[in-house]
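The primary structure of each chain is shown beneath.
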Amino acid sequence: MSPPESLRYEFIFHQTAARRLSCNLRPQINPLRGPREGGTLVTIRGENLGLEFREIQGNVKVAEVDCTPIPEGYIPAEQIVCEMGKAEKSQFAGNIQVCVGVGECRPEFLASSSKYYYFVVPRLIHLKPSRGPVSGGTVVNITGSNLDAGSNVSVLFKDQPCTLLRRGGQWLTCRSHASLNGYGNVSVSVSVDKAHLQKDQRFEYVEDPTITKIEPEWSIFSGHTPVIVSGTNLDIIQTPLIRAKYNGHETLNCHLSAALSQSALFFRLSLRTESVAEKMLTNWFTFLLYKFLKECAGEPLFSLFCAIKQQMEKGPIDSITGEARYSLSEDKLIRQQIDYKTLVVNCVHPENEKSPEIQVKVLNCDTISQVKEKILDSIYKNIPHSHRQKASDMDLEWRQGRGQRTILQDEDLTTKIEGDWKRLNMLAHYQVPDNSIVALVPKQVTAYNSVNNSTVSRTSASKYENMIKYTGSPDSLRSRTPMLSPDPESGVKVWHLVKNHEHGDQKEGDRGSKMVSEIYLTRLLATKGTLQKFVDDLFETIFSTAHRGSALPLAIKYMFDFLDEQADKHSIHDPHVRHTWKSNCLPLRFWVNVIKNPQFVFDIHKSSITDACLSVVAQTFMDSCSTSEHRLGKDSPSNKLLYAKDIPSYKSWVERYYSDIGKMPAISDQDMNAYLAEQSRMHMSEFNTMSSLSEIYSYVGKYAEEIVCALEQDDGARKQRLAYKLEQVVACMSIES
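Residues numbered from 1 in each chain as written. Predicted model: local features only at pLDDT ≥ 70, side-chain atom pairs only at ≥ 80, totals over all residues. Heavy atoms only, no water.

## A word on the overall build of the protein
No. 1: Broken down by element type, the protein carries 18 helices and 34 strands.
No. 2: Among the 737 residues that make up the protein, the fraction classed as buried is 44%.
No. 3: Surface summary for the protein: the accessible area is close to 39,700 Å², and the carbon and sulfur share equals 52%. (Helix = DSSP H or I, 4+ residues; strand = E, 2+ residues; numbered from the N terminus. Buried < 20%, exposed > 50% of the residue type's maximum accessible area, 1.4 Å probe, protein only. Areas by Shrake-Rupley, 256 points an atom, 1.4 Å probe, with all protein chains shown as cover.)

Rendered as C-alpha cells:
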C-alpha cells in the first residue's frame, strides 16, 4: 500500500533539506536587470531547485515581485525560467527567492540569492543612420540607456520588424527589412519585454542605389588598385563590396577606404580586421613605449624618413603617378629614360625680402607645385609641417630683372595639349635658367603671365589642384597605382613625366622580360645601398635591449614573460610558436605601423613615393621577424630580392633580442604596477579619465557575464574579489540616478 500524498511530499522535503539548497551560494541568474512593466523572462540556474514543476510553481519572487515559472523552461533540480510581473515605482532592487515545496513555504526550504535584480527604465535617444534603401538591409544603430535590460527586445519601423543583431547598455543594432509601403518616413518604436519605448524617432526609406560608371576598368593582378564607382544614392551603402573575377577566380576583398559621397565611392583592395583585445594591446604598447620612441627610436626613424625623401628628390618624381627614378619599390619606379638637369634657384624669403636669398636645388623637370614644395622645405627646414605655409596658398614668381615678373603655374594658357593629353608645366617649359631669382607670393585671384602679356584664367589650374588633392589624400591612396582622371568637361587627361599607356612592361612570359627586371633591380639596389645605413640603424635600435644606454621598456619584458608563462601553462614548447607569438605581439603590431607611418609620430608630410619606400622597409622588417625560411625564386617580388642578403642577419638580431629579454630578471607584479602608476602620473593631464572609463565600460557592459565568469575562475582575480567588484560597478551604473 502506497503512503499518503502528504507523507510522500514530507519525505521529499526532508530529502531536499538534507542535500541543502546550494542556490543560495552562487546561482546563475540572467538577466539581472529589467523594466518595471514586467514580461522579463528570468533564468535561474542552481541545484536542488525542486524535483517537479509544481514544487516551485508560485514560489519564485524576484526583487519582491512575483515571477511566474514557465513549464517549458523548467529543468528539474537545475533550472527555473519565470516571467516577471509588474513592479511598483517604489521598487528598485532585491534578491531572488525560491521556495521548494507544495503548500505553505517553510523557512528551511527557502533559498535567497546573494545577487540582486534591478528595475531600470530603458530610454531611446537617437538612431543612425536615419535613412536607408527601400529594399532594406540597413544596419541601424539606436542609442539610449539601459537597452541591455530585460530578456527580449523588438524594434519596429512602423509595422515592419527591424531584426535585432546585438545590444549593449547604451546601444542596440538592428537590420531593416524591405518597406511594405514604398518610400517615405516611418515611426520607430522599441519594446523591452512589456515596456514600450517611443521617442520622436523617424527612419526614411529612399530609392535603392544605382551604379552608372566604374573607373578605372582595369587592375593589376596583385590588387591595391583604387576604384571610383559613380552612381546615385551611394552614400546610403554601409558596407560596399566589389566582386572581382579573373580566370575563374573570384575575390570579395574590396572595401571602402576613403571617400563616401552621394555620387561616388572610393575603394581599395586590402583588408584587415582586429579584435578589441588586439587594439587594446596596440594602444597599451603605444602608451608605454612613448618614452622609448621619443628618446631612442625616434631619431633613427626620422633619419630614415629624411634620407628616403632626400634620395627620392634627387631625381625626377612624377607628380601624377608618384613614380620616381630613385625608389625602393619597383611599383613606383619610372621605367622610361627622363632627361633632366639640376638647377639652383635663389628664393627671396617670403617673410623678409631684405634677408639673404635661400638657395634651393630643383630639377628642370619639376612641376611648379614640386618647386614650391622644395622651396618651402628649405625655408621651413626645422618647422613642423602643420605650421608651414601651404604650397597651394602661394604662387611662384620668377623675377627676371628690369622689373619683369612672371607667375609660374602648373597650368596656364601656355600649357601644351596634344590630343586628349595635357602636360603639366615644368621649369623647362618656361626655360628657367640656373641661378634664377624666384619668390613665393600670396596666391592671387587673378594671375598674370608676362609671356602672353594677358590675364590667365585659373579655372584649369584649380581643377587640377582639386583632382590632386582628392586622389592624394590620404597619401596611401596614391601609393601604388596612377589615378589619371580626365577633366569631366573636356575629357583631357593630365600627365607629367609618364603617360598611362607607357606603364606597360612586356607581358609575363615574353622574351627578355627577365632581363628588363634585372635592369630595374640594379637601379633599386643602388638606391637601397644609399639608404642601407639608415635602415640598419633603425633595426638595430629596435632589436637591442640596451641601445646607447637606453634601458628596455618594462612593458616589453613583462609581456614577453607573460607569453612564455602561457606557453608553459599550455605545454607549448615549440620555439617557433613562442617566437611567432612575440613577433605578432610587438614588432608586427606596433613597430611595423610606426615604420610605415612616421607621420603618426612626427609632424611631417609623407608623399606617395616615400610611402612606397617605407612599405618596402616595413616588409623587410616583417620578414626579419618570421621563422619561416626565406626562399627566393624567379617569381619573388623585387623587395624580397633587394634585402635577400640582409634578412638572415636581421633574423639573427631578432632571435638574439628575444633571447636577451628572456635572460633578464623577471619583473614582479608590484614593480609593474608601480611602473604603470608612474606612467599614468606622467600623462595625467593629457587624457580625459572619465571618457576613457566610459569607453572601457561600454565594452564591459556588452560582455559583463563572460567577464565575471572568467574573473571567478582566475586565482588572482578571486583573491582581489574582482568579480564581486565588477558586479557592484555594473549594478551602480544600472540604477537610475
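## Some remarks on the sheet that holds strand β8 (residues 110-120)
No. 1: The 8 strands lie next to each other as β1-β3-β6-β5-β4-β7-β8-β2, forming an open sheet whose pairing is mixed. Each end of this open sheet is capped by a strand with a single partner; those strands are β1 (28-30) and β2 (33-35). If you compare each strand with its neighbour and ignore which way they point, the axes differ by 35° on average. (Pairing = 2+ DSSP bridges. Axes fitted to C-alpha atoms, helices over the stretch in contact; angles between N-to-C directions.)

## Examining the side chain of E411
No. 1: Examined against the element boundaries, E411 turns out to sit in the loop between β26 (405-408) and β27 (417-418).
No. 2: E411 gets classed as buried once you look at its relative accessible area, which sits at 2%.

## With respect to the environment of L156
No. 1: Position of L156 relative to the elements: it lies in strand β12 (residues 153-157).
No. 2: When its relative accessible area of 33% is taken as the criterion, L156 is described as partly exposed.
No. 3: Here the alpha-carbon distance between L156 and S176, two residues 20 residues apart in the chain, equals 9.0 Å.
No. 4: Apart from residues lying up to four places away in sequence, L156 is in contact with P161, S187, V188 and S189. (Contact = heavy atoms within 4.5 Å.)

## Some points on the sheet that holds strand β29 (residues 436-442)
No. 1: Taken together, the 5 strands give an open sheet; going across it, the order is β24-β23-β29-β25-β26, and neighbouring strands pair in mixed fashion. Pairing within the sheet leaves two strands with one partner each, and these edge strands are β24 (358-363) and β26. Shown here is a sheet whose adjacent strand axes are inclined to one another by a mean of 40°, direction ignored.
No. 2: Judged from the 6 bridges that link them, strand β23 (residues 342-348) and β24 form a sheet pairing that is antiparallel. Residue pairing for β24: C347 is matched across the bridge by I358.
No. 3: Sitting on the sheet, helix α4 (residues 368-379) is in contact with β23, β24, β25 (394-399), β26 and β29, with an inclination near 145° to β24.

## Some points on helix α2 (residues 276-288)
No. 1: Taking 1.5 Å per residue as the helical rise, α2 with its 13 residues ought to reach 18 Å, and the 18 Å between its terminal C-alpha atoms agrees with that figure.
No. 2: Regarding α2, the residues found buried are T282, F285 and L288. Buried positions in α2, seen along its axis, are confined to an arc of 145° and lie on one side of it. In this structure, α2 carries M280 and N283 as exposed residues pointing more than 90 degrees from its buried face.
No. 3: Looking at the buried side of α2, the elements it contacts are α3 (290-312), α8 (554-569), α9 (575-585), α10 (587-596) and α14 (669-682). (Expected span 1.5 Å × (residues − 1). Arc of directions from axis to C-beta.)

## As for the packing of α2 against α8
The relative placement of two packed helices comes down to the angle between their axes together with the axis-to-axis distance.
No. 1: Two elements in contact, α2 and α8, have axes whose closest approach is 9 Å; the angle formed by their N-to-C orientations is 145°. For the pair α2 and α8, the contacting residues are L281, W284, F285 and L288 in the first and A555, I556 and M559 in the second.
No. 2: Per-class residue counts for the contact of α2 with α8 are 7 nonpolar, no polar and no charged. (Nonpolar A, V, L, I, M, F, W, Y, C, P; charged D, E, K, R; others polar.)

## Notes on the pairing of strand β15 (residues 184-192)
No. 1: Summarising the sheet, β12 and β15 pair through 5 bridges and their orientation is antiparallel. Paired with V155 across the strands is V190, a residue of β15.
No. 2: Of the strand pairs in this sheet, β15 and strand β16 (residues 195-206) are connected by 8 bridges, and their pairing is antiparallel. Each residue of the ladder has a partner; that of V192, found in β16, is A195.
No. 3: The antiparallel pairing of β15 with β16 creates a hairpin that spans 2 residues between the two strands, and D193 there sits at a positive phi of about 55°.

## Some remarks on the state of the cysteines
No. 1: On inspection of all chains with the given rule, the structure shows 3 disulfides.
No. 2: Paired by a disulfide, C162 and C174 hold their sulfur atoms 2.2 Å apart. Here the disulfide of C162 and C174 is right-handed, its torsion about the S-S bond being about 90°. Of the two residues, C162 is situated in strand β13 (residues 160-168) and C174 in strand β14 (residues 171-176); the sequence distance between them amounts to 12 residues. Summarising the burial analysis for this pair, C162 and C174 share the class buried.
No. 3: In the protein, the bonded cysteines, taken in the order they occur along the sequence, pair up as 1-2, 3-4, 5-6. (Disulfide = S-S within 2.5 Å.)

## Quick notes on the nonpolar core
Proteins that are soluble and globular tend to have nonpolar side chains buried together.
No. 1: If you look at the biggest cluster of nonpolar residues, it comprises 60 residues, and the most contacted ones within it are F285, I556, L586, W591 and F621.
No. 2: Taken together, the elements giving at least two residues each to this core come down to α2, α3, α7 (513-542), α8, α10, α11 (608-624), α13 (647-663) and α14.
No. 3: The element that contributes the greatest number of residues to this core is α3, accounting for 10 residues.
No. 4: For I556, the contacting residues outside a window of four places in its chain are F285, L289, L586, Y657 and I661.
No. 5: Counting 22 residues, the second-largest nonpolar core is a separate cluster that includes V362, W398, L408 and Y430. (Core = buried A, V, L, I, M, F, W, Y, C linked by side-chain atoms within 4.5 Å.)

## Overview of the packing of aromatic side chains
No. 1: Evaluated as defined, the whole model comprises 17 aromatic pairs.
No. 2: Relative to W591, the ring of F292 lies with its centre 6.1 Å away and its plane at 75°, an arrangement referred to as edge-to-face. Of this pair, F292 sits in helix α3 while W591 sits in helix α10, and the two are 299 residues apart along the sequence. W591 shares its class with F292; the two are buried.
No. 3: Chaining the aromatic ring pairs together yields one cluster made of F539, F543, F560, F621, Y650, W653, Y657 and Y658.
No. 4: Stacked on the ring of Y724, the Lys or Arg R721 has its end atom at 4.5 Å from the ring centre. (Phe/Tyr/Trp six-rings, centres within 6.5 Å; stacked < 30°, edge-to-face > 60°. Lys NZ or Arg CZ within 6 Å of the ring centre and 35° of its normal.)

## Topic: the side chain of T138
No. 1: Turning to its location among the elements, T138 is positioned in the loop between β10 (131-133) and β11 (139-145).
No. 2: The contact partners of T138, leaving out residues within four places of it in the chain, are P129, R131, G132, P133, C174, R175, S176, F203 and Q238.

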